[in-house]
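Notes for the structure review
Now for the letters of each chain:
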Amino acid sequence: QEVSQYKIISSPVGPITLVANSVALLGLEWGEDISIITEDWFPTTSDQGSPILQRTEDQLNEYFSGKRSVFDIPLEPKGTVFQKQVWQQLLKIPYGQHITYGEQARHLGRPKAARAVGAANGKNPIGIIIPCHRVIGASGHLTGFAGGLEIKRQLLELEGVQSLK
């Protein structure tokens, strides 16, 4: 089991907990309840000594201040093969754009799998950076988001997406 570290940072959408090992970001969780993260990643230390955590914090600050639209951080999300395919697809949705779950399923070559895609998006362990907030319901409504719909709306508005239901 590789040692991982965590860091709780403040952001315009509330506290965010980051988890990384020595080579990649493992998780971005909403809030600061570390009991959620210890099960999956067993972080042994909380600290600032991690270059990945520092780089992630710096890039998130740039994102929230409107200076960054693309992240450049090594990612290592843990999940099933299907979940990883879904998350890889999320990385292709450009800043300021959004698609529906059905469109995401079609992009994956699984047009009937919109619900499965939605469930996989819901398990995305690295929110914001793997941008599941850019996927909306077929009706144009904001639907499910681990950080809550208000944060989803704030992230989309930050990226210039307006007038979602």
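Scroll up to find the structure.
Residues numbered from 1 in each chain as written. Predicted model: local features only at pLDDT ≥ 70, side-chain atom pairs only at ≥ 80, totals over all residues. Heavy atoms only, no water.

Notes on unusual backbone geometry
Phi is positive for Ile128, which is not a glycine, with a value near 65°. With respect to the helices and strands, the residue Ile128 is situated in the loop between helix H5 (114–122) and strand S6 (135–136). For Ile128, a relative accessible area of 1% gives the class buried. (Helix = DSSP H or I, 4+ residues; strand = E, 2+ residues; numbered from the N terminus. Buried < 20%, exposed > 50% of the residue type's maximum accessible area, 1.4 Å probe, protein only.)

Things to note about the packing of aromatic side chains
All told, the structure shown has 3 aromatic pairs when counted by the stated rule. Taking the centre distance of 6.2 Å and the plane angle of 90° together, the rings of Tyr63 and Tyr95 count as edge-to-face. Of this pair, Tyr63 sits in helix H2 (residues 51–64) while Tyr95 sits in the loop between helix H3 (81–90) and strand S5 (99–100), and the two are 32 residues apart along the sequence. When its relative accessible area of 0% is taken as the criterion, Tyr63 is described as buried. The partly exposed category is assigned to Tyr95, whose relative accessible area is 25%. (Phe/Tyr/Trp six-rings, centres within 6.5 Å; stacked < 30°, edge-to-face > 60°.)

Details of the layout of surface pockets
By volume, the largest pocket is sized at about 200 Å³. Contributing to the lining of the largest pocket are 13 residues, with Ser69, Val70, Phe71, Leu91 and Ile129 lying nearest its centre. Grouping the constituent residues of the lining of the largest pocket by class yields 11 nonpolar, 1 polar and 1 charged. (1 Å grid on protein atoms, 1.4 Å probe; cavity = no way out; pocket = protein on both sides within 12 Å on 5 of 7 lines; lining within 4 Å. Points joined across faces, edges and corners; volume = space filled by probe spheres on them. Nonpolar A, V, L, I, M, F, W, Y, C, P; charged D, E, K, R; others polar.)

Re the pattern of salt bridges
Counting across every chain of the model gives 5 salt bridges. A salt bridge links Lys7 to Glu57; its shortest N-O distance comes to 2.7 Å. Taken together, the residues span a long stretch of sequence, with Lys7 in strand S1 (residues 4–9) and Glu57 in helix H2 at a distance of 50 residues. You can call Lys7 buried: its relative accessible area is 10%. (Salt bridge = Lys/Arg side-chain N within 4 Å of Asp/Glu carboxyl O.)

Topic: H5
Three or four residues apart is the spacing at which side chains of an α-helix point the same way, because the helix has 3.6 residues per turn. The complete set of buried residues in H5 reads Val117, Ala120 and Asn121. Down the axis, H5 shows its buried residues gathered within 100° of arc, on one side only. Those residues of H5 that are exposed and aimed more than 90 degrees away from the buried face are Arg115 and Gly122. Packed against the buried residues of H5 are H3, helix H4 (101–107) and S6. (Arc of directions from axis to C-beta. Contact = heavy atoms within 4.5 Å.)

Details of the environment of Thr143
Within the secondary structure, Thr143 sits in the loop between S6 and helix H6 (149–158). Separated by 25 residues in sequence, Thr143 and Gly118 have C-alpha atoms that sit 9.4 Å apart. Excluding anything up to four places from it in sequence, Thr143 contacts Tyr101, Ile136, Gly137, Leu149 and Lys152.

Some thoughts on the nonpolar core
Within the largest apolar cluster, 34 residues are counted, with the highest numbers of intra-cluster contacts made by Ile16, Leu25, Leu60 and Ile128. At the level of secondary structure, the elements contributing two or more residues to this core comprise strand S2 (16–20), strand S3 (25–30), H2, H3, H4, H5 and H6. Ranked by residue count, the leading element in this core is H2, at 5 residues. Those residues in contact with Leu60 that lie beyond four places of it in its chain are Ile9, Leu18, Leu28, Phe71, Ile128 and Ile129. (Core = buried A, V, L, I, M, F, W, Y, C linked by side-chain atoms within 4.5 Å.)

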